[in-house]
Amino acid sequence: MHSTNVKNLEVPGAKLHYEVTGEGPVLLLICGGPTDAAIYAGLVGTLSENYTVVSYDPRGNSRSSLDGTPQEQQIEAHSDDAHRLLAAVTDEPAYVFGSSGGALVGLDLVARHPEQVKSLVVHEPPVMELLPDSDRWREHFQDVYDTYQAAGVGPAMQKFIAGVEGEDAPPPAPPEMGTPSPEMMEMMGRMAANAEFFVGNVMLPFSRFTPDAEALKSAPTRIVCAAGEASKGQPVQQAGLALADSIGAEAVDFPGDHQGFLTHSAPFAEQLRKVLAAGQ
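Overview of helix α4 (residues 134-151)
Every α-helical turn comprises 3.6 residues, leaving residues that sit three or four positions apart pointing alike.
So, step 1. Between its terminal C-alpha atoms α4 stretches 25 Å, which fits the 26 Å expected from 18 residues at 1.5 Å a residue.
So, step 2. Of all the residues in α4, the buried ones are S134, W137, H140, F141, V144, T147 and Y148. Projected down its long axis, α4 shows its buried positions confined to an angular sector of 140 degrees, all on one face. Exposed and oriented more than 90 degrees from the buried face of α4 are E139, Q149 and A150.
So, step 3. Backbone geometry just after α4 places G152 at a positive phi near 105 degrees.

Listed below in structure tokens is the structure:
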């Protein structure tokens with residue numbers, strides 16, 4: 001078991017909390033929504049045997065503080081954070097994995113700094129602008145934001161989750177998580193505190209993001225779209241497949257649903273390792 005080094009990095013407008021575990025080529029994990037580095041703890045324990053795994057709290061979440069009052073977040077600032085973090089830990093092209101909103105950040109990172117990323121695996125990126133009913137999705141996220149303004153973060157998050165999962169989603173696969181650890185309980189508390197920042201400052205601009213397809217197709221980076229086996233037919237899974245079609249990327253099934261890295265961490269990590277090894 002490798003020890004974890006906890007560090008901070010000053011970036012324009014924020015200070016990033018990041019963690020480095022293991023040895024080998026760098027693998028950067030980018031999380032999304034109101035989550036933080038701890039959401040990937042199950043992956044880190046496995047992948048750190050082969051990689052120097054770097055995970056971090058996105059700016060404004062948990063232990064990554066903003067310099068001023070919260071403002072509407074732009075993916076360009078978040079991808080610049082990832083760019084600066086990679087530059088701080090390696091001068092070689094790295095592997096990058098991002099899930100949900102973190103996948104959007106990874107896509108923008110490759111579009112802007114393709115020389116930094118050898119392979120990018122994006123797990124169910126919510127690129128809702130690529131879906132045929134993108135107008136409905138813009139209305140949905142605006143409704144979630146309006147609900148937040150009128151009724152608070154709780155009702156808004158309920159509406160957000162219900163919309164993204166979809167009415168026809170299959171029942172979730174049984175998780176393998178067991179009893180939450182004290183560290184996991186701490187993370188859940190931080191996520192609850194992050195929810196207001198997410199709904200009030202992150203959700204709308206991220207939901208309107210359209211990847212630069214031409215830049216992604218011309219990049220030397222290998223891009224793989226990871227689709228949850230248990231989320232087939234759900235909107236975010238369909239969005240990821242639409243992305244794969246738009247840029248000619250490979251689509252690969254991964255265990256679990258949109259939270260598969262958390263609920264099925266061991267087989268998820270093994271699948272990720274196989275996908276990354278295939279591109280070496």
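Some thoughts on the side chain of H123
So, step 1. Considering the arrangement of structural elements, one finds H123 in strand β7 (residues 117-123).
So, step 2. Look at H123 and you get buried, because its relative accessible area is 0%.
So, step 3. At a separation of 2.8 Å, a polar atom in the side chain of H123 contacts the side chain of S99.
So, step 4. The residues touching H123, leaving out its near neighbours within four places in the chain, are F97, G98, S99, S100, A103, A226, G228, D257, H258, G260, F261 and F268.

Remarks on the pairing of strand β8 (residues 222-228)
So, step 1. Burial runs high along β8: 6 of the 7 residues are buried.
So, step 2. For β7 and β8, the ladder comprises 5 bridges, and the chain directions are parallel. Residue V121 lies in a different strand from β8, and its bridge partner there is V224.
So, step 3. Since β8 and strand β9 (residues 250-254) lie parallel, the crossover through helix α8 (residues 235-247) that links them has a hand, and here it is right-handed.

Structural notes on the pattern of salt bridges
So, step 1. Applying the stated criterion across every chain yields a total of 17 salt bridges.
So, step 2. R84 serves as the salt-bridge partner of D80, at 2.6 Å between the closest nitrogen and oxygen. Placement of both D80 and R84 in helix α2 (residues 75-89) is noted, with a separation of 4 residues, approximately one turn of the helix.
So, step 3. Since its relative accessible area comes to 23%, D80 is described here as partly exposed.
So, step 4. Of the charged contacts, one joins D135 and R138 as a salt bridge, the two residues approaching to 2.1 Å between their closest N and O atoms. Taken together, the residues span about one helical turn, with D135 and R138 both in helix α4 at a distance of 3 residues.
So, step 5. Of the residues examined, D135 reaches a relative accessible area of 47% and is grouped as partly exposed.

Criteria and cut-off values
- Residues numbered from 1 in each chain as written.
- Predicted model: local features only at pLDDT ≥ 70, side-chain atom pairs only at ≥ 80, totals over all residues.
- Heavy atoms only, no water.
- Helix = DSSP H or I, 4+ residues; strand = E, 2+ residues; numbered from the N terminus.
- Expected span 1.5 Å × (residues − 1).
- Buried < 20%, exposed > 50% of the residue type's maximum accessible area, 1.4 Å probe, protein only.
- Arc of directions from axis to C-beta.
- Polar contact = N/O pair within 3.5 Å; in protein donor to acceptor, adjacent residues only side chain to side chain.
- Contact = heavy atoms within 4.5 Å.
- Pairing = 2+ DSSP bridges.
- Right-handed = clockwise from strand over helix to strand, strands pointing away.
- Salt bridge = Lys/Arg side-chain N within 4 Å of Asp/Glu carboxyl O.

All quantities given are derived from atomic positions and should not be read as evidence of function.
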